[in-house]
Structures are given as structure tokens and as C-alpha cells.
Amino acid sequence: MHGTPKVTPDILLSAYAQGLFPMAERRDDPALYWVSPEQRGIIPLETFHVPHRLARTVRAGRFTVTANRAFTDVMKACAAPRPGHEESWINDEILRLYTALHAGRHAHSVECWQGDELVGGLYGVSLGGAFFGESMFSVERDASKVALVHLVSKLKAGGFTLLDTQFLTPHLAQFGTLEIPRLAYLEKLQAALAVNAAWPD
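Figured I'd write up the structure that's included with this text. (Residues numbered from 1 in each chain as written. Predicted model: local features only at pLDDT ≥ 70, side-chain atom pairs only at ≥ 80, totals over all residues. Heavy atoms only, no water.)

**Quick notes on the overall build of the protein**
For step 1, the next point in the chain: The helix and strand inventory of the protein stands at seven helices and nine strands.
For step 2, the next point in the chain: Against the compact-globule benchmark of 17 Å for 201 residues, the protein has a radius of gyration of 16 Å, which places it among compact chains.
For step 3, the next point in the chain: Once the C-alpha set of the protein is aligned to its principal axes, its extents read approximately 50 × 35 × 30 Å.
For step 4, the next point in the chain: Counting only residues that meet the buried cut, the protein has 48% of its 201 residues in that class.
For step 5, the next point in the chain: A separation threshold of at least 6 residues defines the contact pool for the protein, and within that pool the share at least 24 residues apart is 74%.
For step 6, the next point in the chain: Accessible surface, the protein: about 9,600 Å² in total, of which carbon and sulfur atoms supply 55%.
For step 7, the next point in the chain: Placing the 19 positive and 21 negative side-chain charges of the protein at their respective mean positions leaves the two points 7 Å apart. (Helix = DSSP H or I, 4+ residues; strand = E, 2+ residues; numbered from the N terminus. Rg over C-alpha atoms; globule rule 2.2 N^0.38 Å. Buried < 20%, exposed > 50% of the residue type's maximum accessible area, 1.4 Å probe, protein only. Contact = heavy atoms within 4.5 Å. Areas by Shrake-Rupley, 256 points an atom, 1.4 Å probe, with all protein chains shown as cover. Lys, Arg positive; Asp, Glu negative; His and termini not counted. Charge placed at Lys NZ, Arg CZ, Asp CG, Glu CD.)

**Section: the sheet that holds strand 7 (residues 130-138)**
For step 1, the next point in the chain: Here seven strands make up an open sheet; going across it, the order is 4-5-6-7-8-3-9 and the pairing mixed. The open sheet is flanked by strand 4 (64-67) and strand 9 (178-181), the only strands paired with a single partner. Pairs of neighbouring strands in the sheet enclose a mean axial angle of 30°, with direction left out of account.
For step 2, the next point in the chain: Direction of pairing for strand 5 (residues 107-114) relative to strand 6 (residues 117-127): antiparallel, over a ladder of eight bridges. The partner of Gln114 across the bridge, within strand 6, is Glu117.
For step 3, the next point in the chain: Together, strand 5, strand 6 and strand 7 form the strand contacts of helix 3 (residues 71-79), whose direction differs from that of strand 6 by roughly 100°. (Pairing = 2+ DSSP bridges. Axes fitted to C-alpha atoms, helices over the stretch in contact; angles between N-to-C directions.)

**Some thoughts on the state of the cysteines**
For step 1, the next point in the chain: Applying the stated criterion across every chain, the model contains zero disulfides.
For step 2, the next point in the chain: Sulfur of Cys112: no disulfide; nearest cysteine sulfur belongs to Cys78 and is 12 Å away. (Disulfide = S-S within 2.5 Å.)

**Quick word on the side chain of His108**
For step 1, the next point in the chain: Tracing the chain through its elements places His108 in strand 5.
For step 2, the next point in the chain: In this structure the side chain of His108 is engaged in a polar contact, spanning 3.2 Å, whose partner is the side chain of Asn68.
For step 3, the next point in the chain: Here the side chain of His108 touches Arg105 through a polar contact of 3.4 Å, landing on its backbone oxygen.
For step 4, the next point in the chain: Here His108 is in contact with Asn68, Phe71, His102, Leu122, Tyr123, Gly124, Ser126, Phe131 and Trp199, once residues within four sequence places are set aside. (Polar contact = N/O pair within 3.5 Å; in protein donor to acceptor, adjacent residues only side chain to side chain.)

Below you can see the structure in the form of C-alpha cells.
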């Protein structure tokens, strides 16, 4: 909803636990609104699909992959204008909130590098055994996809049971992403919140 009182990191985590997440209309709009899609995108971790060409790219080691090394830089890159995505739902308030979640170890990033250049990555929120993917970016072919492969590996290692993508996009469909009704999602979410998963360092 627009014009809500100032959101705190604790309020944000409580909203995630209820199946809500915030967005802004534009990067220069200070207001946030809460979203709870009727159809929710999830990637079942046990059936995560890596296309053959991407698997070769991962094995080739084209990128140096790190985690939580450049969280704010990943967020800013996700918000930056790029062809086909001139506008963004990531505003300064989103940056503030998720940076605070990262400081509290509830938000994480995966980065792909070529030398010292950040060329792709993603970030999201962890709560219990659920990981809520927020956004990804890539300035080199396949960089965000490689980040996703490494994310799934980390989630499996940490005992996570739910990877929430919020929406189903053509980009995510190739990995086995499904759309499920809100009620089914909330049931999976409640089960995941009861899991004592841990982000592997």
C-alpha cells in the first residue's frame, strides 16, 4: 500500500513471513507498496534444471564467483538502467532496507567477476528455510545465470527448502521455475519458515 509508515527491517521480515514483499513504482518514487501475487514463482530446489550450455559455462570457470562480497554494489547494479529495463522498482528506501537486512545476515548476494569488474550477480532475503530472490543483473553473457547456479548450490548446502522467485519469467522458466497459487505458496512458506537453515559461509 502507498504511504505506509516507515518500514523497518523487522517489519520487512515480518512481511516476508506472511508472503508479502515491497516494491516501488519507480526508482525516484520514495513510496513503497506491498505485493502478494495470486500466482507465485518458485524454483523447486530438488528439480533445479541447468541447461547444457550453461553447465559448460559453469565448468569452464569464466567467472570468479563470490558471496556477500559486494552486496550494495549488486543492488545498485540491479537498479541501474539497462536496455529494455530503463526503469526500476528498486528505490533508495529499498536500498536502505535491504542493506540493513544484509548487515543483520538476513540478506545475501552472489557475485560474478571478471578480474576486478563486477559483471553479474543477484541478491535476496533468507528467513528460516526460505530464500526470497529479489533481483539479478548481468553485463556479461550468462553471468547472472552462473550466479543462480551457485545460489542453488549454497541453498542446498545450507538446508533451505524454498526458493521464491516472486514471479515466473521466460528467463527463469528454463531452470524449472513453477507458478503456484498463493494459498499453496503460503503453505510451502510456513513449512520452510519452520526449517533451521543457515547460509553457508
